[in-house]
Amino acid sequence: MPATVTDLDTLARSIKLWGRELGFAEVRIADVDLAHMEAPLQAWLDAGYHGEMDYMASHGMKRARPAELVPGTVRAISARMNYLPSAMGDDWRAREKARDEDPSAAVISVYARGRDYHKVMRSRLQQLAERIKGEIGDFGYRVFSDSAPVMEVELAQKAGLGWRGKHTLLINRQGGSFFFLGEILIDVPLPVDPPETPHCGQCSACIQVCPTQAILAPHKLDARRCISYLTIELKGAIPVEMRPLIGNKVYGCDDCQTICPWNKFAQRAVVPDFDERHSLGSAGMVELFAWTEEEFNRRMEGSAIRRIGHERWLRNLAVGMGNAAVKARGQSDIVAALLSRREHPSAMVREHIEWALALHGAV
């Protein structure tokens, strides 16, 4: 027997309540019509802004057509989960800025300092789906969190979880932007929530602060210039002209978020999974550069960082250690660390080390 409108309204309210019980900051519902995004997506791909991220293009327009990805889909249950570690004090933005300016610090994006969010989000979204199943019986669904060709930000924006900032990330009035997104595509015609209106106004702080000028214009990002792309997605050598711009960022970059005025409202994580591990918020580059491959794999078990592998880990650190020469050329501990891996079996690692040593005058 088909559900009545009243039944669906009640179910939607229950889903939002269950989501909060599972640790989500907010759960809302959207329709899945993303036809308006097909032309902008194709233009972005045609410009080559996705770089080596071939998966961005391999599914064609399916990314903007959820009902093709999961046949029968009529709604998206969109959820956000805060990830700012609970131990971070109110002065966290000032502390992050201070680390950016410390040439010996290894700056790792906040989201990557705890457990791999893919696993955390998918597990809890699956629990939410099971709760719905227990209420209404079998239904068609599929759970996602940055794990398939889904335009998560657009669906979240339609659902009213926030608006797309000029840096292309979602911003929430009550929670800033330090949160993960995930969704359940479903075949149940739940009532949809109204979208949020944009509130960036004339602010362009995120565009101005970007070290590599990767944000070409409001809502237009050239991923090939983004430090997150260069340190995570790029598999080969980091272009020489980009290296000085990366500074001491060895995995990802939060500059466009940290500078955003809305992140004075950033909320702390309520799940322990995103608590900082292995002192990744305070470690120095020399310390991390000393990790063997076995140690890297062991310490980064369950972390999003592990997927780049030890070779790219050393590549990124070598760039940061080279850039430390701008503040103090010839630092003995950094030079000694670089020299200790000068004969590394990877040609890519060796090349980045030589580049760094040259900056320190230690060739």
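Computed from a predicted model, the values in this text were never measured in an experiment.

Chemist: Looking at this model, I keep getting lost on the environment of His344. Mind explaining?
Modeler: Note on placement: His344 falls in the loop between α15 (332–340) and α16 (347–359). His344 gets classed as buried once you look at its relative accessible area, which sits at 14%. Through-space distance from the C-alpha of His344 to that of Glu311 is 9.5 Å; in sequence the pair is 33 residues apart. In this structure, His344 is in contact with Leu314, Val349 and Arg350, ignoring residues within four places of it in sequence.

Chemist: I tried to follow the environment of Pro261 on my own but got confused; where do I start?
Modeler: Among the structural elements, Pro261 can be located in the loop between α11 (255–258) and α12 (285–289). With 56 residues separating them along the chain, Pro261 and Ala205 place their C-alpha atoms 8.5 Å apart. Not counting residues within four places of it along the chain, the set of residues in contact with Pro261 comprises Arg93 and Cys203.

Chemist: How should the packing of aromatic side chains be read in this particular structure?
Modeler: For any two aromatic rings, the description comes down to two numbers: the centre-to-centre distance and the angle of the planes. All chains considered together, the criterion is met by 14 aromatic pairs. Aromatic side chains Trp262 and Phe265 sit 6.0 Å apart centroid to centroid with 45° between the ring planes, which places their arrangement in the tilted category. Every member of this aromatic cluster is reached through a ring pair, and the members are Tyr83, Trp92, Tyr111, Tyr117, Phe178, Phe180, Tyr251 and Phe274. Above the plane of the ring of Trp355 lies Arg243, whose end atom (NZ or CZ) is 5.4 Å from the centre. In this structure, Arg341 is placed above the aromatic ring of Phe289, and the distance from its NZ or CZ to the ring centre is 5.6 Å.

Calculation criteria
Residues numbered from 1 in each chain as written. Predicted model: local features only at pLDDT ≥ 70, side-chain atom pairs only at ≥ 80, totals over all residues. Heavy atoms only, no water. Helix = DSSP H or I, 4+ residues; strand = E, 2+ residues; numbered from the N terminus. Buried < 20%, exposed > 50% of the residue type's maximum accessible area, 1.4 Å probe, protein only. Contact = heavy atoms within 4.5 Å. Phe/Tyr/Trp six-rings, centres within 6.5 Å; stacked < 30°, edge-to-face > 60°. Lys NZ or Arg CZ within 6 Å of the ring centre and 35° of its normal.

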